[in-house]
Amino acid sequence: KFVLRNFTFAVSWRAEEILYRLDVDWPKHPEYFTGATFCAAVDSLNGLVYVAQRGDNIPKILVFTEDGYFLRAWNYTVDSPHGIFAASTQYEQSVWITDVGSGVYGHTVKKYSSFGDLVQVLGTPGKKGTGLNPLQFDNPAELYVEDTGDIYIVDGDGGLNNRLIKLSQNFMILWLHGENGTGPAKFNIPHSVTLDSAGRVWVADRGNKRIQVFDKDTGEWLGAWNNCFTEEGPSAVRFTPDGKYLIVAQLNLSRLSVVAAPPVGSIGECSVISTIQLADQVLPHLLEVDRKTGAVYVAEIGAKQVQKYVPLNSYVPPFGS
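Model, not experiment: these values are computed from the prediction. (Residues numbered from 1 in each chain as written. Predicted model: local features only at pLDDT ≥ 70, side-chain atom pairs only at ≥ 80, totals over all residues. Heavy atoms only, no water.)

A few words on unusual backbone geometry. With an omega of -10°, the peptide bond running from W26 to P27 counts as cis. Counting through the fold element by element, P27 comes out in the loop between β1 (20-22) and β2 (36-43). Following N133, the chain continues to P134 via a peptide bond in cis, the omega torsion being 0°. Although it is not a glycine, N139 adopts a positive phi angle of roughly 55°. The topology assignment puts N139 in the loop between β9 (118-122) and β10 (140-145). For S254, which is not a glycine, the phi torsion comes out positive at approximately 50°. Within the fold, S254 resides in the loop between β19 (245-250) and β20 (255-260). (Helix = DSSP H or I, 4+ residues; strand = E, 2+ residues; numbered from the N terminus.)

Moving on, we come to the state of the cysteines. Counting across every chain of the model gives 1 disulfide. The side chain of C228 participates in a disulfide bridge whose partner is C270; the two sulfur atoms lie 2.0 Å from each other. Here the disulfide of C228 and C270 is left-handed, its torsion about the S-S bond being about -105°. Of the two residues, C228 sits in the loop between β17 (221-225) and β18 (236-239) while C270 sits in the loop between β20 and β21 (272-277), which places them 42 residues apart along the sequence. For the pair shown, C228 and C270 are each scored as buried. (Disulfide = S-S within 2.5 Å. Buried < 20%, exposed > 50% of the residue type's maximum accessible area, 1.4 Å probe, protein only.)

Our next topic: the pairing of β20. With 6 bridges connecting them, β19 and β20 associate as antiparallel partners. Bridging across to β20, Y245 finds its partner in A260. In textbook terms, the turn of a hairpin is the stretch between consecutive antiparallel strands, and for β19 and β20 this stretch comprises 4 residues, one of which, S254, has a positive phi near 50°. Direction of pairing for β20 relative to β21: antiparallel, over a ladder of 5 bridges. (Pairing = 2+ DSSP bridges.)

This brings us to a nonpolar patch on the surface. Judged by side-chain polarity, Y76, L118 and V121 come together as a nonpolar surface patch covering roughly 250 Å² of accessible area. Note on placement: L118 falls in strand β9. (Patch = residues over 30% accessible without salt bridge, like charges linked within 9 Å, V, L, I, M, F, W, Y side chains within 5 Å. Areas by Shrake-Rupley, 256 points an atom, 1.4 Å probe, with all protein chains shown as cover. Salt bridge = Lys/Arg side-chain N within 4 Å of Asp/Glu carboxyl O.)

Think of it this way: side chains of opposite charge can pair up when their charged atoms draw near. All told, the structure shown has 12 salt bridges when counted by the stated rule. The residue E231 makes a salt bridge to R255 at a minimum N-O spacing of 3.2 Å. Here the residue E231 occupies a position in the loop between β17 and β18, and R255 occupies one in strand β20, the gap between them amounting to 24 residues. With relative accessibility at 54%, the residue E231 sits in the exposed group. Note that R238 and E288 form a salt bridge whose closest N and O atoms lie 2.9 Å from each other. With R238 in strand β18 and E288 in strand β22 (residues 284-289), this pair connects stretches of sequence that are 50 residues apart. On the basis of relative accessible area, E288 is assigned to the buried category, the value being 6%. Connected through shared salt-bridge partners, E142, R238 and E288 make up one network.

Reading across the sheet, the 4 strands line up as β1-β24-β23-β22 and stay open at both edges, with antiparallel pairing between neighbours. Strand pairing shows two members of the sheet lacking a second neighbour, β1 and β22, which therefore form its edges. In this sheet, neighbouring strand axes are inclined to one another by 30° on average, regardless of whether the strands run parallel or antiparallel. Two elements, strand β23 (residues 296-300) and strand β24 (residues 305-311), share 5 bridges in a ladder whose sense is antiparallel. Bridged to Y297 within β24 is K308. (Axes fitted to C-alpha atoms, helices over the stretch in contact; angles between N-to-C directions.)

In the UniProt entry, the feature "repeat: NHL" (unreviewed entry) is given for residues 178-217. Spanning residues 178-217, this segment combines 0% helix with 45% strand, and its end C-alpha atoms are found 17 Å apart. (UniProt positions renumbered as here; feature names shortened; annotations may be inferred.)

The tally for this structure, following the rule as stated, stands at 1 cavity of 30 Å³ or more. Counted as a void, the largest cavity has a volume near 40 Å³. Lining the largest cavity are Y20, I247, L256, V258, I276, V296 and Y309. Classifying every residue of the lining of the largest cavity gives 7 nonpolar, no polar and no charged. (1 Å grid on protein atoms, 1.4 Å probe; cavity = no way out; pocket = protein on both sides within 12 Å on 5 of 7 lines; lining within 4 Å. Points joined across faces, edges and corners; volume = space filled by probe spheres on them. Nonpolar A, V, L, I, M, F, W, Y, C, P; charged D, E, K, R; others polar.)

Structure, rendered in structure tokens:
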């Protein structure tokens, strides 16, 4: 009996690398989390972390330092934030928010200054729609802004639209895939979007339980990963700064997976290197990776907090630096 029990114990560990540890001191004052925390963004140039939360009569946007000190909060023209992305250059600190609210500011993708000044609105505020001219959204889920200023938007989170749109820096549509379905380049709740250093766009196609991959310049479909997500579709996708791994969240499983990134020119099959199993009902919704430090910030709508995971190994300098 004793030998058998030991054996079972050994097997349950599996040959997985442990790549991250939880930073229990982030943030210094978690009492600022007063609503359901839907998303987080990192401005690695300026060492800032943005958190967007939902709730009544609370500040929707919280700004922290990467060390966890609270800086400020604001709420101006934010209805129900869903996704967030910090797109700072040396000339401006800015943050983009996708707003899925049904109020007068909803169904938009908006750019703000770091202090909450509204700079740009895409979409028709307060009106959901399928139009392209002018551009309309319905529950826009997330966006990713390239250093060039080009913007990738996934629209949406269970609304009228199931599409991936690429906009130029002056907001012209460069290409889009826009159909509901299960075939290549069709979507069912495209929930998160990111880029790798090889010019590929990665989309968490949540309802179809897969990740789809596209060429960022042409929009050409390059392939899909189905095999890692049989239990539940991915809700978030981000790369580590060295481009070696993709970090994926599965909301209802309360799980983060570290997946090997494929070489240039091939998509192949999905291969999980490591997992972080969170407690039941933590519900990791979206996440962001600091391009300088590799720290992972996970927005948990069940636990109503953002947690920071730090890589155990220090990284080589990230791409784009």
